[in-house]
Amino acid sequence: MAWRTVLLALAVWVCQPAFAADNGKTSLTCEGRWVNPITDVCWECLFPMSIGSVQVSAGSLPDTENPSSPIQFCPAPPPIFERPGIAIGFWEPFAMTDVTRSPGCMVNMGGFNINIPNTGTGTGTKAANEHPGTFYHVHWYKYPLISWLNIITSEMCMQGGEYDIGYLSELDPTWQNDNLALFLNPEVMLFANPVAQMACAADAVAAGVSKPIDALFWCAGSHGSMYPFTGNIVNESSGLNSGALLSERMDFKLHREGLILDTVPQNTAVCYEYPSAIMPKSRYRYQMVNTIPDVASCHPFGRNVMLWQTGKEMPTTKKNYGYLIWKKRNCVVL
């Protein structure tokens with residue numbers, strides 16, 4: 001774990017009384033727990049694994065495409081110029097999200113609260129009768145779990161670096177305003193009609209039985225719509241559904257901003273990672289890790305939470321959720 005992240009947690013914990021003194025009150029809506037990288041992770045979600053196009057280890061969920069050839073030649077610095085390697089494919093836990101109504105609530109870092117001024121508390125349909133919609137903040141964490149545990153040693157086949165806070169929606173005005181978000185997702189105007197939204201029924205069915213349909217990129221399956229890239233939800237069916245939907249929206253938003261790169265399951269192209277303005281959602285999965293971890297399974301983007309939500313939320317919930325995001329990685333072991 002990165003020392004700076006630990007020091008940040010300790011500093012905020014020590015300074016919490018000062019925050020309370022400044023505000024005149026402490027947050028009553030923040031809760032969470034540190035995620036255990038061993039016991040809170042669904043390790044079966046690493047699978048299927050493949051070498052070239054041959055599946056060497058099956059999983060409970062369907063796989064995406066893989067390169068046809070197991071042997072790949074990737075560019076290398078002179079005087080080598082080209083290096084042979086083996087193309088592998090697996091599912092990597094690479095990020096975590098907090099979804100919370102309490103500004104600055106670090107759900108996946110023990111539930112402590114960072115004082116971020118000039119941010120409002122999120123609303124919920126059951127608590128704010130005068131407001132028909134719902135709003136949550138989202139925090140994105142870089143989570144290089146494969147690198148920590150040294151499961152794979154090739155740097156090309158894992159996210160390196162440190163556990164770090166990558167994004168706080170409280171600092172982004174576009175996350176709270178649908179009109180400002182149009183600068184990031186102007187195409188939303190094309191899909192704000194009944195015909196486009198009815199097409200999402202096909203995506204919901206596909207995500208429920210196999211994997212989502214990438215061509216229907218504006219759909220989040222049974223969770224709702226990928227647009228707009230904000231924390232606003234018109235009608236909330238459940239907090240768990242809202243948490244999954246906003247985690248998917250944040251993933252898409254960071255793709256649009258060029259902050260997340262994806263691998264391509266094609267010969268030669270598998271040597272690199274590429275930016276993608278449209279998130280290939282079939283290459284992503286989600287797993288709940290807070291406040292009640294779901295260690296038994298992970299789910300394709302858009303899969304209905306009714307299939308797994310039993311026992312994952314208490315009646316006294318304060319609506320703070322944590323999700324682990326899995327990404328399909330195709331790479332070359334050199």
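Up top is the structure.
Structure report, in brief. Model, not experiment: these values are computed from the prediction. (Residues numbered from 1 in each chain as written. Predicted model: local features only at pLDDT ≥ 70, side-chain atom pairs only at ≥ 80, totals over all residues. Heavy atoms only, no water.)

A look at the overall build of the protein chain
Of regular secondary structure, the protein chain possesses seven helices and 15 strands. Across the 334 residues in the protein chain, those meeting the buried criterion constitute 51%. Nonlocal contacts in the protein chain, meaning residues at least 24 apart in sequence, comprise 70% of its contacts between residues at least 6 apart. Summed over all atoms, the accessible surface of the protein chain reaches about 14900 Å², with 63% contributed by carbon and sulfur. (Helix = DSSP H or I, 4+ residues; strand = E, 2+ residues; numbered from the N terminus. Buried < 20%, exposed > 50% of the residue type's maximum accessible area, 1.4 Å probe, protein only. Contact = heavy atoms within 4.5 Å. Areas by Shrake-Rupley, 256 points an atom, 1.4 Å probe, with all protein chains shown as cover.)

Some words on the nonpolar core
Of all hydrophobic cores here, the largest spans 40 residues; its most connected members are W140, W218, Y227, Y286, Y323 and I325. At the level of elements, β4 (82-100), β8 (137-142), α4 (188-191), α7 (239-256), β13 (284-290) and β15 (320-333) are the ones that each hand at least two residues to this core. Examining the composition of this core, we find that seven residues originate from one element, α7, more than from any other. Setting aside chain neighbours within four positions, we find I325 in contact with E92, P93, F94, A95, T97, W140, S247, D251, Y284, R285, Y286 and F301. Formed by 29 residues, the second largest nonpolar core is a distinct cluster that contains V35, W91, M96 and Y163. (Core = buried A, V, L, I, M, F, W, Y, C linked by side-chain atoms within 4.5 Å.)

Re the environment of Y321
Relative to the assigned elements, Y321 resides in strand β15. Judged by relative accessible area, Y321 falls into the buried class, the value being 1%. Put simply, Y321 and T97 are 224 residues apart on the chain and 8.1 Å apart in space, counted from C-alpha to C-alpha. Among all residues touching Y321, those that are not within four sequence positions of it are T97, D98, V99, V107, Y136, G239, L240, M288, N290 and E313. Within polar-contact distance, the side chain of Y321 engages the side chain of E313 at 2.3 Å. (Polar contact = N/O pair within 3.5 Å; in protein donor to acceptor, adjacent residues only side chain to side chain.)

Quick look at the side chain of H223
Of note, H223 is situated in the loop between α6 (200-209) and β10 (232-233). H223 sits in the buried class, given a relative accessible area of 5%. Here the side chain of H223 touches Y286 through a polar contact of 3.5 Å, side chain to side chain. Residues in contact with H223, not counting those within four places in the same chain, are N241, A244, L245, E248, Y286, G302, R303, N304 and V305.

A closer look at empty space enclosed by the protein
Under the defined criterion, the tally for this structure stands at one cavity of 30 Å³ or more. As a volume, the largest cavity reaches approximately 40 Å³. Taken together, L61, P62, W91, K211, P212, S282, Y284, R285 and P300 form the lining of the largest cavity. Grouping the amino acids of the lining of the largest cavity by side-chain chemistry returns six nonpolar, one polar and two charged. (1 Å grid on protein atoms, 1.4 Å probe; cavity = no way out; pocket = protein on both sides within 12 Å on 5 of 7 lines; lining within 4 Å. Points joined across faces, edges and corners; volume = space filled by probe spheres on them. Nonpolar A, V, L, I, M, F, W, Y, C, P; charged D, E, K, R; others polar.)

Topic: the state of the cysteines
Considering all chains together, one arrives at five disulfides under this definition. Through a disulfide, C30 is tied to C105; the S-S separation comes to 2.1 Å. Since a negative S-S torsion denotes a left-handed disulfide, the C30-C105 link at about 80° is right-handed. With a gap of 75 residues between them, C30 in the loop between α1 (3-23) and β1 (49-51) and C105 in strand β5 (residues 105-106) connect regions that are remote in the sequence. Note on accessibility: C30 and C105 belong to one class, buried. Here C157 pairs with C331 through a disulfide, and the sulfurs are 2.0 Å apart. Every disulfide takes its handedness from the sign of the S-S torsion; for C157 and C331 that torsion is 115°, giving right-handed. (Disulfide = S-S within 2.5 Å.)

Here we look at the pairing of β8
Burial of β8 is extensive: five of the six residues sit out of reach of the surface. Judged from the six bridges that link them, β4 and β8 form a sheet pairing that is antiparallel. Among the inter-strand pairings, A95 is bridged to a residue of β8, identified as K142. Pairing of β8 with strand β9 (residues 164-168), which is carried by four bridges, proceeds in the antiparallel orientation. Bridged to K142 within β9 is D164. (Pairing = 2+ DSSP bridges.)

Some thoughts on the pattern of salt bridges
Two side chains carrying opposite charge are able to pair once their charged atoms lie near each other. In this structure the tally under the stated criterion is nine salt bridges. Note that K253 and D172 form a salt bridge whose closest N and O atoms lie 2.9 Å from each other. One end of the pair, K253, is in helix α7; the other, D172, is in the loop between β9 and α3 (178-181), and 81 residues separate them in sequence. With relative accessibility at 0%, the residue K253 sits in the buried group. (Salt bridge = Lys/Arg side-chain N within 4 Å of Asp/Glu carboxyl O.)

Considering α6
Counting along an α-helix, one turn takes 3.6 residues, and residues three or four places apart therefore face a common direction. Taken together, the buried positions of α6 are C200, D203, A204, A206 and A207. Axial view of α6: buried residues confined to an arc of 165°, hence all on one face. Turned more than 90 degrees from where α6 packs its buried face, V205 and V209 sit exposed. Residues of α6 that are buried in the fold lie against α5 (194-198) and β14 (299-300). (Arc of directions from axis to C-beta.)

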